[in-house]
Amino acid sequence: MKINRVTLFNFSSYVGENTIVLDTHDEQNIILIGGNNGAGKTSFFTAIKLALYGPQCFRFQDKNNRYTARIKELINHDAFLSNNVKAYVEVEIDLPTDRTHTLYTIRREWSFVEKRLHETYSVYKDQQLLADKNLDFFQNYLFSVIPPNLFDFFFFDGEEIGDFFATGNYSTYIKNAVLTLSGYDTFNIIQKFCDSYIGEEGNEDYDQVAKLVEQEEANLFAYMTKSSALESQKQQLTAQLLSAQEEKESLDYQFSRSGGLTAKEQERLEAQRATQERVKGDKAKRIRDFVESMMPLYITKDLAAAAYKQLKDEQFVRQYHTICDLLDAQTIQDVLEQQPNCNTAQVPALAQAISNGIAKKVLPSFPLESFTFIHDLSQEQESQVVSDIVRTQHFAEVEAPQLIKAIAEKKKASQKYEEISKKIREALPSVDAAAYFEKVRLLTERIAAYEDSLENRENQIAELETNIADQKALGERLRKALFAKAKDRTAHEFTARISQVMQRMISDATQEKFHQIESLALEMFNKIIRKENFVQLIELDENFNVNLYKKQVYTTRELLQLANNIGLDALEKRLGSTGLKEAARLLTNNSINELRRYFSEGVVTDQISFQDDIELPLYNRVELNQLSKGEKQVFILSLYWAIIKTSNQAVPFIIDTPFARIDTEHREQISALFFPNISGQVIILSTDEEVVGSYREIIQPHIAHEYLLEYNVEKGCTSVQPGYFKEEKA
C-alpha cells in the first residue's frame, strides 16, 4: 500500500484546501516534510490516520460523544465563522487488489446540521463512488492490509517510541505485528475463539442438569395425576348438578299445573303489582296537583286575565315612582354642576327639563289619578302567580292532553293491579305453597353448592393446566440443555485440542520467522549502534517477549552458585534459551532436564562435574530498561526493520520527530541505513534540528518530494510550501 496524496480542508491549523503529494518511485522512497514545533506536522500525521480509520484512530470502536468532541477540536476555528461550516480530510491510496493496483480516494467530511456535527464517509475506486453496501467490505479489506491494532507500527511519534517497553503489553503489540504481517493472524484468531469458548461459564454440568430433568418429569407426572382426579370429580359434580336442576324443573311444573305459583312466578307477579301500584300513585299525584293548583285558575280564567293585567299595571306604577324618585330635578342638577364646562345659570332649568322628560317617558298609559293598588304581593309571590296565570292560558294546548293521558294510565294501572292481585289471591293455599317453597329452597341450596364446587374444580384444573404447560416447557428446555451439555463435553474437548493445535501451528510457523527477525534486528542494531560487543544475541520467546544478551563466560561453580542464590527460573532467564541450550550441550549431552535437575537438587552425574570449574562461553541478559532512551529507539527501529522485512509487505512508514531521542552519533547511521531501506514509502516529519545538514544530504538521493510547513502566528494558520528549510537555517 502507498499513500499518493493527502488533502486537508479547514483541518486543525490548515485553512482552506491544502494538498500534499506523496507518491514515490524506484529508489526515491522518502517524502521529507519539515516544520517547527506547532507548525502542523502532528495534525498532518493525525489526518492520515483519521481518514483511514475514523473513530478507531482514537481507539474508539464507533462514533460516540467523545469522538465527536475530538473532531470539533480538530476543525479549524475560522471555519466556524462562515455560514456553512465545512471541513474534510482526503487520502488517495494505492492498494493491491487481485494482483493489480487500484487507486482509492477516502474522504471524511464534517459539517453542522442544526448545530450538530455530521460526518460523511465516502470512498472512490478509480474515481467511481463506492455504493454504501460496499463501504464495509472496503473497510474490512483496508483493515486486513494495515489492521487498526497496528496503527502505531506504521504511524508513530519519535517522541514516544522510546517509552515502547514501558508498557506492560508490548509483547502483545509485537505478537499482533508479526502474526498479522506474516499472515499467521488467522491461527491466533482461531486460538482466541477456542480459548474464549472453553473459558465460558455454562449452566450446571451434565449430571446436575440430568437430575433436574428427572425432578421436573416427576413434578409433571404429579400434576397430571392430580388433574385427572379433578376431571373425574368435575364429571361427577356435573351429573349431580344436572339431576338437581331436573328435579327442581319437575317440581316447578307439577306445582304450576296444580294452580300454584312458583317462587319465581310469585316474585315476578309481586314485582308487577308493585309497578302498577307505583304507576297509580304517580298518576294520582299528577291529577291531584292539577286539582289543587291549576283547576281554580282554569275555572276562573277570565278573572285570572283581569288579575294578570292588574298585576302588570301595579308593576308599571311602582317602576314609574322609583325612577322619578331616583332621577328628580335636584339629583340631575347636582350632576350637571360637577361638569367643568356647564353654564351654572342654566343648570336649574335644564335639570328640571331633563327630570320632566324622563318622568314623561316612563309614565304609564293609564291615568294615575284613578289607579288603585289592589294586591300586596312580594316579588316571589307575584312571579309565581303570573307563572300560574300564563299556564292557564296555554293549558288547553299543552297540559290538557297530558292530564287526560295521566287519567287513562291511572285507570289502566288500576285494572292491571286488580288482575294481578286476583291471580295471587286465587293461588294454592298457604300450607301447600309453604311445602313447595321449602322443597325449592333445599333444591336451590343443593344446586348452588354443586355450582360452587364445580367452579372450584374448574379453577383448580385451569391452574393445573398452566402448571403442566409451564412444566412441559421447562422440561423441554432442560432436555435441550442436557443434550447441549452432552455435546459440550465433546465440543470443549475438541475445542481445547484445536486451541493446542493452533498454538503449535503458531509456534511452528513463527520459529523460522523468529530466527529471521532476531538475525535482522541484531544486524541492523549493531550497524547503527556501533558499539563493539554491545548486544550479541536477540531472542523472541514463545510469548513474543524480546530479550537482549551479550556474551559472558561462566564457570560451572559460578552457575551452581547463581542457581542457589537467584533460583533456577531466574538463572534460565539470565542465560536465555540459547545460553541454556549451550550449557546443556557442553555439560549434559543436550539434556536440559538433567541440567535443571542438578541445579535444583545438586546431583552430580557422569556428565556433570561442577567441581572442575569448567569455563563455559554463555550469555548474560541485558535489561531493556537499562538502555538509554536513544538506544531504546535504535533497538525498536531495528526491530521494526526486521519485522517489516520478514513480512514482505509493502506498507508506508511514517515517523514524526524521528531524531527526538537519537544523539548525533546514531543519526548518521539511521539516515544512511534505515530510512532508505525500511519501506518503499517513508514519510519523515522533521523539525529544523533533526533531518538537516549532513543528514539531509545522506538521504537526498532517495527524496521524492520535499515540503515545508510554515505557521503564521498572526493569522493562526499553516501553509504548505514546496521545498525544505533554508540551508543557512540548517
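In case you missed it, the structure is sitting above this.
Residues numbered from 1 in each chain as written. Predicted model: local features only at pLDDT ≥ 70, side-chain atom pairs only at ≥ 80, totals over all residues. Heavy atoms only, no water.

Participant: Before we go on, may I ask you to explain the overall build of the chain in this structure?
Facilitator: Of the regular secondary structure elements, the chain holds 21 helices and 15 strands. Evaluated residue by residue, the chain yields a buried proportion of 40% over its 730 residues. Total accessible area computed for the chain in this model is approximately 41900 Å², and 49% of it derives from carbon and sulfur atoms. (Helix = DSSP H or I, 4+ residues; strand = E, 2+ residues; numbered from the N terminus. Buried < 20%, exposed > 50% of the residue type's maximum accessible area, 1.4 Å probe, protein only. Areas by Shrake-Rupley, 256 points an atom, 1.4 Å probe, with all protein chains shown as cover.)

Participant: Would you mind showing me how to read the side chain of Arg-5 here?
Facilitator: Looking at the secondary structure, you find Arg-5 in strand β1 (residues 2–11). At a separation of 2.9 Å, a polar atom in the side chain of Arg-5 contacts the side chain of Thr-7. Setting aside its immediate chain neighbours within four residues, Arg-5 contacts Thr-19, Ile-20, Val-21, Leu-22, Glu-90, Val-91, Glu-92 and Thr-105. (Polar contact = N/O pair within 3.5 Å; in protein donor to acceptor, adjacent residues only side chain to side chain. Contact = heavy atoms within 4.5 Å.)

Participant: So what exactly am I meant to see when it comes to the nonpolar core here?
Facilitator: Most often, soluble globular proteins have nonpolar side chains that are buried together. Ranked by size, the top nonpolar core spans 56 residues in total, and within it Ile-174, Val-546, Leu-548, Phe-653, Ile-670, Phe-675 and Ile-684 carry the most contacts. No other element matches helix α19 (residues 629–647), which puts 10 residues into this core. Judged by nonpolar contacts, the second largest core, of 52 residues, contains Val-6, Phe-60, Ala-87 and Ile-146. (Core = buried A, V, L, I, M, F, W, Y, C linked by side-chain atoms within 4.5 Å.)

Participant: Looking at this model, I keep getting lost on a nonpolar patch on the surface. Mind explaining?
Facilitator: Side chains of Val-291, Met-295 and Ile-299 sit close together on the surface and give an oily, nonpolar patch of about 260 Å² of accessible area. Topologically, Ile-299 is positioned in helix α9 (residues 263–299). With a relative accessible area of 64%, Ile-299 lands in the exposed category. (Patch = residues over 30% accessible without salt bridge, like charges linked within 9 Å, V, L, I, M, F, W, Y side chains within 5 Å. Salt bridge = Lys/Arg side-chain N within 4 Å of Asp/Glu carboxyl O.)

Participant: Whenever I open this one, the pairing of strand β10 (residues 546–555) confuses me. Can you help?
Facilitator: Working note: regular strand, side chains alternate between the two faces of the sheet. Here four bridges tie strand β9 (residues 537–540) to β10, and the two strands are oriented antiparallel to one another. Residue pairing for β10: Leu-540 is matched across the bridge by Val-546. The pairing of β10 with strand β11 (residues 615–622) spans eight bridges and is antiparallel. Bridging across to β11, Tyr-549 finds its partner in Arg-621. (Pairing = 2+ DSSP bridges.)

Participant: Help me understand unusual backbone geometry in this model?
Facilitator: Backbone geometry follows two general trends: most residues other than glycine have a negative phi, and most peptide bonds adopt the trans configuration. For Asp-126, which is not glycine, the phi dihedral falls at a positive 50°. Among the secondary structure elements, Asp-126 is positioned in the loop between β6 (116–125) and β7 (128–129). Of note in the backbone geometry, Phe-544 takes a positive phi value of approximately 65° without being a glycine. Within the fold, Phe-544 resides in the loop between β9 and β10.

Participant: Explanation requested: the pattern of salt bridges in the structure shown.
Facilitator: Side-chain pairs of opposite charge can arise whenever the charged atoms involved come near each other. Summed over all chains, the structure comprises 18 salt bridges. The residue Arg-107 makes a salt bridge to Glu-109 at a minimum N-O spacing of 3.0 Å. Classification of Glu-109 as partly exposed rests on a relative accessible area of 22%. Each of Arg-5, Glu-90, Glu-92, Arg-107 and Glu-109 takes part in one network of salt bridges that share partners.

Participant: How do you make sense of the packing of helix α17 (residues 568–588) against helix α18 (residues 592–601) when you look at a structure like this?
Facilitator: Each packed pair of helices is defined by two parameters, the angle between the axes and the distance between the axes. Their axes nearest at 9 Å, the elements α17 and α18 cross at an angle of 125°. The orientation of α17 with respect to α18, classified from their angle, is oblique. Considering how the two elements wind past one another, α17 and α18 form a crossing that is right-handed. Facing α17, whose interface residues are Leu-568, Leu-571, Glu-572, Leu-580, Lys-581, Ala-583, Ala-584, Leu-587 and Thr-588, α18 presents Ile-592, Glu-594, Leu-595, Arg-596 and Phe-599. Residue composition of the contact of α17 with α18, by class: nine nonpolar, one polar and four charged. (Axes fitted to C-alpha atoms, helices over the stretch in contact; angles between N-to-C directions. Parallel < 35°, antiparallel > 145°, perpendicular 65-115°, else oblique. Left-handed = near helix turned anticlockwise from the far one by under 90°. Nonpolar A, V, L, I, M, F, W, Y, C, P; charged D, E, K, R; others polar.)

Participant: Help me out: how do you make sense of the packing of aromatic side chains in this one?
Facilitator: The geometry of an aromatic ring pair is captured by the separation of the ring centres together with the interplanar angle, meaning the angle of the planes. Scanning the model with the defined rule gives 17 aromatic pairs in all. Aromatic pair Phe-371 and Phe-373: ring centres 5.4 Å apart, planes at 80°, arrangement edge-to-face. For Phe-371, a relative accessible area of 17% puts it in the buried group. Among the residues examined, Phe-373 registers a relative accessible area of 43% and is labelled partly exposed. An aromatic cluster is present here, built from Phe-653, Phe-659, Phe-674, Phe-675 and Tyr-695 joined pairwise through their rings. Positioned above the aromatic ring of Tyr-88 is the side chain of Arg-107, whose terminal nitrogen or guanidinium carbon lies 3.6 Å from the ring centre. We note Lys-645 situated over the ring of Trp-641; from NZ or CZ to the ring centre the distance is 5.0 Å. (Phe/Tyr/Trp six-rings, centres within 6.5 Å; stacked < 30°, edge-to-face > 60°. Lys NZ or Arg CZ within 6 Å of the ring centre and 35° of its normal.)

Participant: Can you help me understand a negative patch on the surface in this one?
Facilitator: A cluster of like negative charges, contributed by Glu-451, Asp-452, Glu-455 and Glu-458, occupies part of the molecular surface. Inspection of the secondary structure assignment puts Glu-458 in helix α15 (residues 430–529). (Lys, Arg positive; Asp, Glu negative; His and termini not counted. Charge placed at Lys NZ, Arg CZ, Asp CG, Glu CD.)

Participant: Just to check I follow, could you spell out the sheet that holds β9 for this structure?
Facilitator: Sheet strands line up and pair through hydrogen bonds in the backbone, either parallel or antiparallel. If you trace the three strands from one edge of the open sheet to the other, you get β9-β10-β11, paired in antiparallel fashion. In this open sheet, the two edge strands, each paired with only one partner strand, are β9 and β11. Taken over all neighbouring pairs, the strand axes of this sheet differ in orientation by 40° on average, direction set aside.

Participant: Explain α17 to me, please; I cannot follow it from the model alone.
Facilitator: The terminal C-alpha atoms of α17 lie 16 Å apart, and with 21 residues this falls more than 12% below the ideal 30 Å at 1.5 Å per residue. Its axis deflected by about 105° at Gly-576, α17 carries its strongest bend there. All of the buried residues along α17 are Leu-571, Glu-572, Leu-575, Gly-576, Gly-579, Leu-580, Ala-583, Ala-584, Leu-587 and Thr-588. On its buried face, α17 is in contact with β9, β10, α16 (556–566), α18 and β11. With its phi angle positive at about 55°, Asn-589 sits one or two positions after the end of α17. (Expected span 1.5 Å × (residues − 1). Bend = angle between axes of the 7 residues up to and from the residue.)

Participant: How should I be thinking about the environment of Cys-324 in this particular structure?
Facilitator: Note that Cys-324 resides in helix α10 (residues 301–326). What makes Cys-324 partly exposed here is its relative accessible area of 22%. Put simply, Cys-324 and Ala-359 are 35 residues apart on the chain and 5.9 Å apart in space, counted from C-alpha to C-alpha.

Participant: I would appreciate a short explanation of helix α2 (residues 65–74) in the present structure.
Facilitator: Given 3.6 residues per turn, any residue in an α-helix points the same way as the ones three and four places further on. Looking only at α2, the buried set comprises Tyr-67, Ile-71 and Leu-74. Seen along its axis, α2 keeps its buried residues to an arc of 60°; they face one direction. In α2, the exposed residues that point more than 90 degrees away from the buried face are Asn-65, Arg-66 and Glu-73. Taken together, the buried residues of α2 touch β1, α1 (41–53), β5 (100–113) and β6. (Arc of directions from axis to C-beta.)

Participant: I'm lost on the environment of His-515 in this one. Help?
Facilitator: Assignment of secondary structure puts His-515 in helix α15. The spacing of His-515 and Ile-538 is 23 residues in sequence and 9.2 Å in space, taken between C-alpha atoms.

Participant: Is there a simple way to think about the side chain of Asn-10 in this case?
Facilitator: When you line up the elements, Asn-10 lands in strand β1. Among the polar contacts listed, one links the side chain of Asn-10 to the backbone oxygen of Lys-86, at a separation of 3.0 Å. With residues up to four places along the chain from it excluded, the contact list for Asn-10 reads Val-15, Gly-16, Leu-74, Ile-75, Asn-76, Ala-79, Lys-86 and Ala-87.

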